[in-house]
Amino acid sequence: RSRRPIIAIDGPAGAGKSTVARRVAQTLDLLYLDSGAMYRAITWLVLQRGIDPQDEVAVAEVIPDCEIRLAAGEPGTPFPSRIWINDQEVTRAIRSPAVTQHVSTVAAQPMVRQRLLQQQQVHGVHGGIVMEGRDIGTQVFPQAELKIFLTASVQERARRRQRDLAAQQHPPVSLEDLAQAIDERDRKDSTRRVAPLQQADDAIELCTDGLTIDDVVAKIVHLYHQSLNAAATTAD
Ligand code: CDP
Ligand code: CDP
C-alpha cells in the first residue's frame, strides 16, 4: 500500500462529526480535516464581498482568486483547526449565523464543489487522515478504508446546538427554531444535484442518540481496527 488509511465521516448537521472526527484522529494519531470549514470560508468571502449567495455566476467569479489554507489538525493542535482565505484568518468568522444560514446555498454550486473537491483530495494523497463532511465517502474518498455515516434525531441535534450556543453566551434560541434551521439545511444538502448528502453503500451508519462522545469515538476506533484486520486477512 502506498498510502496510509483514510477514515471518512459524513452525516447531517449537528450529528457530532467534528467533535468525534477530531477525537478519533487524536486517538489513532491521524490528521483531521473539517471539509465544511472550506465551504464556510468561501461563503464568508461571498458575503463579505456583498455577493448574493444565490447568484451562481457572481459566486463562480470569486473562485479563481480564492486561496484557502487549512491547518489539517495535527494531534495536539487547537480546535477548531485554523483556516485562512486569501491570507485572512477566518477561523471564528466562518461560524457566524449568517455564514451558517447561507453555506448550503453556496455549497450546492458545481463550481464551488469542483474547486474544493480537488483541494480536499490533495490533503488526502498520503492518507493517514480523518476527513468529515457530507460527501467524503461518496465523492472525495470513495476508496476510504472506513466510512461512517453519523446521524442523530433532529430533536437531539437541536438540543446539542442549544447547548453549544448557551456555552458561547449566545442569546437563547428556541429548540423549535433550531430544529427548523437544521431541517432546512439537511433538506438543501440532501437534495442538491451535485454530491448530495447521502450514505455511501459501504458506509456504516451510527446513530448517536443517547451515546456519549466517548462511546462514539470508541466504536469508530474499534471499527477502524476491525477494517484494517479484515484488509490484512484478505491480502494474505
Ligand atoms: O454545522 P455543521 O458543522 O454541521 O456543518 P459543516 O460541516 O460546517 O458544513 C457546513 C455546510 O457545508 C453543510 O451544511 C454543507 O452545505 C456544506 N458541506 C458540503 O456541502 N460538503 C462537505 N463535504 C462539507 C460541508
Ligand atoms: O460537526 P457536526 O455538526 O456534525 O457536529 P459537532 O459540532 O461535532 O457536534 C455538535 C454538538 O454535539 C457538540 O456540542 C458535541 O459536543 C455534541 N455531541 C454530543 O453531545 N454527543 C455526541 N455523541 C456527539 C456530539
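- Under an unreviewed UniProt entry, the name given to the chain is Bifunctional pantoate ligase/cytidylate kinase, and the organism recorded is Halomicronema hongdechloris C2206.

## Some words on the packing of helix H1 (residues 17–28) against helix H9 (residues 213–235)
Working step 1: Contact geometry of H1 with H9 gives a least axis separation of 9 Å together with a crossing angle of 55°. With respect to their mutual orientation, H1 and H9 come out oblique. In this structure, the crossing between H1 and H9 has a hand that is right-handed. Residue-level contacts link Thr19, Val20, Arg23, Val24, Thr27 and Leu28 of H1 to Ile213, Asp214, Val216, Val217, Ile220, Val221, Tyr224 and His225 of H9.
Working step 2: A class-by-class count of the residues in the contact of H1 with H9 yields 9 nonpolar, 3 polar and 2 charged.

## Thoughts on the nonpolar core
Working step 1: Ile42, Ile68, Ile83, Ile85 and Val112 are the most contacted members of the largest nonpolar core, which has 35 residues in total.
Working step 2: In this view, Ile85 contacts Ala41, Ile42, Trp44, Leu45, Cys66, Glu67, Ile68 and Val90; residues no more than four positions away in its chain are not counted.
Working step 3: One finds Ala21, Val130, Ile148 and Val221 within the second-largest nonpolar core, a separate group that totals 21 residues.

## Some points on the site of ligand 1
Working step 1: The environment of ligand 1 is formed by 20 residues, the closest being Arg40, Arg113, Asp135, Arg161 and Asp189.
Working step 2: A distance of 3.1 Å separates a nitrogen atom of ligand 1 from a polar atom in the backbone of Arg134.
Working step 3: Burial of ligand 1 by the protein amounts to 97% of the accessible area it has alone, namely 530 Å².
Working step 4: Contributing elements (two or more residues each) for the shell around ligand 1: helix H2 (35–48), helix H4 (97–107) and helix H8 (175–191).
Working step 5: Broken down by element, the residue count for the shell around ligand 1 peaks at 4 residues, all from H2.
Working step 6: Here the shell around ligand 1 is composed, by residue class, of 5 nonpolar, 5 polar and 10 charged.

Rules and cut-offs
Residues numbered from 1 in each chain as written. Chains lettered and ligands numbered in written order. Predicted model: local features only at pLDDT ≥ 70, side-chain atom pairs only at ≥ 80, totals over all residues. Heavy atoms only, no water. Axes fitted to C-alpha atoms, helices over the stretch in contact; angles between N-to-C directions. Helix = DSSP H or I, 4+ residues; strand = E, 2+ residues; numbered from the N terminus. Parallel < 35°, antiparallel > 145°, perpendicular 65-115°, else oblique. Left-handed = near helix turned anticlockwise from the far one by under 90°. Contact = heavy atoms within 4.5 Å. Nonpolar A, V, L, I, M, F, W, Y, C, P; charged D, E, K, R; others polar. Core = buried A, V, L, I, M, F, W, Y, C linked by side-chain atoms within 4.5 Å. Buried < 20%, exposed > 50% of the residue type's maximum accessible area, 1.4 Å probe, protein only. Near = heavy atom within 4 Å. Polar contact = N/O pair within 3.5 Å; in protein donor to acceptor, adjacent residues only side chain to side chain. Areas by Shrake-Rupley, 256 points an atom, 1.4 Å probe, with all protein chains shown as cover.

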